[in-house]
Amino acid sequence: MESKGNLNPLKLSIFILISFEALVLSNGRILLSKKPDPSDAAATARWLASQNSWGVLSTISNDLGGAPFGNVVSFSDGIPDQGRGIPFFYLTTLDPTARNALEDERCSFAISEFPLGTCGRIDPENPTCAKLTLTGKLKLVDSKSAEAKFAEQALFSKHAEMKDWPKNHNFQIFKLAIEDIFLIDWFGGPKPLTLEQYLSPKIGVSGSMYLA
C-alpha cells in the first residue's frame, strides 16, 4: 500500500482534492464551505452574501428622471466567513449611487453565485445558479458609531485597497436596510424567505458562519 508520501502526482492530486472537498478556489478566493442545500433558503442566501464581494446596486436616478440606475459596487457583510447578512458599502457622492441614495433611499442589491465559480458551465440565469436580490433603503451610517467601526473592518478586510482611496473624495459608509428578500436557488420560483429567517438562519454546513 502506498503512503501519502509515495503517491504519484495524479493520485496525490486526487487525494488533495478529496481531502479538501469543502474548499472551492475561485478568482483567488477560497470558499470555506460547500453551498448549502437548496431546501435551506436562509442558509443559501447568507452564504451568497458572505462569500460574494461585489454586486449590482440599483438606486432611483436623479439624473435620469427617476429611472433605476444599476452600478457595480464592492460590499461586505462582515469579516471573511463571519458575515451578518447586512451589506455595507464604501461610496462617494462623486458617484451617482451615493447621490441618489441621499435623495431617495430606495434601492435593490443583486448578487449571484456565478462569480464564485460554483455554477460550473451552466448559464448564470439557470435557476440552479443561485441569485439573491435584497430590496430596502440605502442608509448613511453614522461615522462615529460602533456600527461604522464594524462596517469599516468588514469592508477593509475584504477590500484592502479601500484604505488608500483618496481622502478628498469623501468616501462614506452606507448600509442596506433590508425590507424584502428575493432568492432563486432551484427550480420552482423564488423561495419564501422573511427578514427574520434571513438574519437568524439555522446553522449552515460550516456552523457559525451563518449565524447573525
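Up top is the structure.
So, a few notes on the structure that sits alongside this text. Since the model is a prediction, treat every value here as computed from it, not as a measurement.

**Some thoughts on the state of the cysteines**
Put plainly, a disulfide is one covalent bond tying together the sulfur atoms of two cysteines. One pass over the full model with this rule turns up one disulfide. Each sulfur of the disulfide joining Cys-119 and Cys-129 lies 2.0 Å from the other. Its S-S torsion of approximately 85° makes the covalent link between Cys-119 and Cys-129 right-handed. Placement of the pair is Cys-119 in the loop between strand S6 (106-112) and strand S7 (131-140) and Cys-129 in the loop between S6 and S7, with a sequence separation of ten residues. Of the residues examined, Cys-119 reaches a relative accessible area of 9% and is grouped as buried.

**Regarding the layout of surface pockets**
In this approach the atoms are scanned with a rolling probe the size of a water molecule, which exposes any empty space left behind. Roughly 220 Å³ of volume is contained in the largest pocket. In terms of lining residues, the largest pocket is bounded by 13 residues, among which Ser-143, Glu-152, Phe-171, Gln-172 and Ile-173 are the most central. Breaking the lining of the largest pocket down by element, the ones donating at least two residues are helix H4 (146-158) and strand S8 (172-184). Take the lining of the largest pocket: its biggest share by element is four residues, from H4.

Calculation notes
Residues numbered from 1 in each chain as written. Predicted model: local features only at pLDDT ≥ 70, side-chain atom pairs only at ≥ 80, totals over all residues. Heavy atoms only, no water. Disulfide = S-S within 2.5 Å. Helix = DSSP H or I, 4+ residues; strand = E, 2+ residues; numbered from the N terminus. Buried < 20%, exposed > 50% of the residue type's maximum accessible area, 1.4 Å probe, protein only. 1 Å grid on protein atoms, 1.4 Å probe; cavity = no way out; pocket = protein on both sides within 12 Å on 5 of 7 lines; lining within 4 Å. Points joined across faces, edges and corners; volume = space filled by probe spheres on them.

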